[in-house]
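Now for the letters of each chain:
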Amino acid sequence: MPRVTSERFSKAHQPSAKSNASKGYRGESSTSSVRNPIFNTERFGQHILKNPSIAQEIVEKANLRPTDRVLEVGPGTGNLTVRILEKAKHCTAVEMDPRMAAELTKRVQGKPEQRRLEIIIGDFVKAELPYFDVCISNTPYQISSPLVFRLLSHRPLFRVAILMFQREFAMRLVAQPGSSLWSRLSANVQLYAKVDHVMNVGKNNFRPPPNVESSVVRIVPLDPPPPVRFEEFDGLTRIIFSRRNKTVHASFQAKGVAEMLEKNWRTWCSEQNKVMEEVKMKEKIEGILEETGYKEIRAAKMDLNDILKLLLAFHDFGIHFA
């Protein structure tokens, strides 16, 4: 039997009965007529990939090696898992639904693959992750963003991740500066990884068919990662992308921004044993934006280098975002 690690499953993980009835695949509305006949998949935002050719193509995109250890998130009944086990040395599958984990266990029982499969029952966001070379996932909608950033923060770095998401989310991951989908998410992910669109997956490839289309992306983390604290970069993008089509100056004029940055600056001065002089933070912010030339630029047009230059300019004065 594959080794099963049971994570504690509490009521905090369970949506209300009302939300179960009104939520379907990846947070979209659903009716009882499209529910999975075996499992209440909408409870966990999952949908079963039924097309074997699509499952095979997703696994092939990972270019698995015989020595690879694979992390799979949301294996469901194992349509991707069995193909992973054909090519990889080991697979750790993280599954929220104990019934699906039991179905997957039965699927490999008595076969050579059973010794190379470990199942962790529980919430991926909270689970303790093992070492892995590759991640493959048919991702439940509600953990799309947490999954991406948990993977990018995992050490040691993995080689590649092949991940299926709701198409709009996938397109935001690969969006380029100046496009309508370029966003804080795009910048934060692309700072640490190369992201490519791999393939589209139509809704009829799932059982039951979802209300949204899906896409598969390939994420390759930069190795070594850039020497930039994620909290700092994310703090800056949170401000400038809050009004992505407004000027950067307008974003910094938003209520509470100057006060927050002044508090951070005073904390930094204290940690560095620097004498705190009186400073008019709003005027200082405007001065930095003027000097860097980004005052009248819109976040929607800024690329990663622009954002990093602006971050460095603030840091030179001791202004931090986290």
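Only a predicted model underlies this, so the values are computations on that prediction, with no experimental measurement involved. (Residues numbered from 1 in each chain as written. Predicted model: local features only at pLDDT ≥ 70, side-chain atom pairs only at ≥ 80, totals over all residues. Heavy atoms only, no water.)

Describing helix 6 (residues 167–174)
Then, number 1: Within the sequence span of helix 6, burial applies to Phe169, Ala170, Leu173 and Val174. Considered in projection along helix 6, the buried side chains sweep an arc of 135° and stay on one side of the axis.
Then, number 2: In this fold, the buried residues of helix 6 make contact with helix 5 (144–153), strand 7 (160–166), helix 7 (184–192), strand 8 (193–201) and strand 10 (214–221). (Buried < 20%, exposed > 50% of the residue type's maximum accessible area, 1.4 Å probe, protein only. Helix = DSSP H or I, 4+ residues; strand = E, 2+ residues; numbered from the N terminus. Arc of directions from axis to C-beta. Contact = heavy atoms within 4.5 Å.)

Some thoughts on the side chain of Lys295
Then, number 1: Checked against the element boundaries, Lys295 lands in the loop between helix 11 (281–292) and helix 12 (304–316).
Then, number 2: Not counting residues within four places of it along the chain, the set of residues in contact with Lys295 comprises Thr247, Val248, His249, Glu286, Leu289 and Glu290.

Section: the packing of helix 8 (residues 230–240) against helix 12
Then, number 1: At a minimum axis distance of 10 Å, the contact between helix 8 and helix 12 shows a crossing angle of 105°. Between helix 8 and helix 12, the angle is such that the two are roughly perpendicular. Between helix 8 and helix 12, the residues in contact are Glu232, Phe233, Leu236, Thr237 and Ile240 and Leu304, Ile307, Leu308, Leu310, Leu311 and His315, respectively. (Axes fitted to C-alpha atoms, helices over the stretch in contact; angles between N-to-C directions. Parallel < 35°, antiparallel > 145°, perpendicular 65-115°, else oblique.)

Considerations on the UniProt feature "binding site: S-adenosyl-L-methionine" (unreviewed entry) in the chain
Then, number 1: Look at the UniProt record and you will see "binding site: S-adenosyl-L-methionine" (unreviewed entry) annotated at His47, Leu49, Gly74, Glu95, Asp123 and Asn138.
Then, number 2: Take Gly74: it is sitting in the loop between strand 3 (69–73) and helix 3 (81–87).
Then, number 3: The exposure class of Gly74 is buried, given its relative accessible area of 12%.
Then, number 4: Separated by 3.0 Å, the side chain of Asp123 and the backbone nitrogen of Val125 make a polar contact. (UniProt positions renumbered as here; feature names shortened; annotations may be inferred. Polar contact = N/O pair within 3.5 Å; in protein donor to acceptor, adjacent residues only side chain to side chain.)

Description of the pattern of salt bridges
Then, number 1: Taken as a whole, this structure holds 12 salt bridges when the rule is applied.
Then, number 2: Across the salt bridge formed by Asp97 and Arg99, the nearest N and O atoms sit 3.0 Å from each other.
Then, number 3: Accessibility expressed as a relative area gives 37% for Arg99, which makes it partly exposed.
Then, number 4: Several salt bridges converge on common partners, so that one network encompasses Arg184, Asp234 and Arg238. (Salt bridge = Lys/Arg side-chain N within 4 Å of Asp/Glu carboxyl O.)

Here we look at a positive patch on the surface
Then, number 1: Positive charge collects at one region of the surface, where Arg243, Lys246, Arg298 and Lys301 lie side by side.
Then, number 2: In this fold, Lys246 is placed in the loop between helix 8 and helix 9 (248–252). (Patch = residues over 30% accessible without salt bridge, like charges linked within 9 Å, V, L, I, M, F, W, Y side chains within 5 Å. Areas by Shrake-Rupley, 256 points an atom, 1.4 Å probe, with all protein chains shown as cover. Lys, Arg positive; Asp, Glu negative; His and termini not counted. Charge placed at Lys NZ, Arg CZ, Asp CG, Glu CD.)

Details of the packing of aromatic side chains
Here a ring pair, both rings aromatic, is described through the centre-centre distance and the interplanar angle of the planes.
Then, number 1: Scanning the model with the defined rule gives nine aromatic pairs in all.
Then, number 2: Consider the rings of Phe132 and Phe158, whose centres lie 5.7 Å apart with planes at 20°: the pair is stacked. With Phe132 in the loop between strand 5 (117–121) and strand 6 (134–138) and Phe158 in the loop between helix 5 and strand 7, the pair connects residues that are 26 residues apart, well separated along the chain.
Then, number 3: Look at Phe132 and you get buried, because its relative accessible area is 1%.
Then, number 4: With 5.2 Å between their ring centres and 15° between their planes, Phe252 and Phe314 make a pair best called stacked. With Phe252 in helix 9 and Phe314 in helix 12, the pair connects residues that are 62 residues apart, well separated along the chain. Comparing Phe252 with Phe314 shows no difference in burial state: the two are buried.
Then, number 5: We note Arg150 situated over the ring of Phe124; from NZ or CZ to the ring centre the distance is 5.7 Å. (Phe/Tyr/Trp six-rings, centres within 6.5 Å; stacked < 30°, edge-to-face > 60°. Lys NZ or Arg CZ within 6 Å of the ring centre and 35° of its normal.)

Details of unusual backbone geometry
Then, number 1: Of note, the amide linkage connecting Arg155 to Pro156 takes the cis form, showing an omega dihedral of 0°.
Then, number 2: Looking at the element boundaries, Pro156 is found in the loop between helix 5 and strand 7.
Then, number 3: For the bond from Asp223 to Pro224, the omega torsion is 5°, close enough to zero to count as cis.
Then, number 4: You can see Pro224 is positioned in the loop between strand 10 and helix 8.
Then, number 5: At Asn63, a residue that is not glycine, the phi angle is positive and equals roughly 50°.
Then, number 6: Along the chain, Asn63 turns up in the loop between helix 2 (52–61) and strand 3.
Then, number 7: Residue classification places Asn63 among the exposed positions, given a relative accessible area of 57%.
Then, number 8: With a phi close to 55°, Asn273 is a non-glycine residue in the positive phi region.
Then, number 9: Summarising the element assignment, Asn273 is placed in the loop between helix 10 (257–271) and helix 11.

Digging into the nonpolar core
Buried together is how nonpolar side chains tend to be arranged in soluble globular proteins.
Then, number 1: Leu151 and Phe252 are the most contacted members of the largest nonpolar core, which totals 63 residues.
Then, number 2: Not counting residues up to four positions away in its chain, the partners in contact with Phe252 are Leu236, Ile239, Ile240, Val257, Leu261, Ile285, Leu289, Phe314 and Phe321.
Then, number 3: Counting 30 residues, the second largest nonpolar core, distinct from the first, contains Val59, Leu104, Val134 and Ile162. (Core = buried A, V, L, I, M, F, W, Y, C linked by side-chain atoms within 4.5 Å.)

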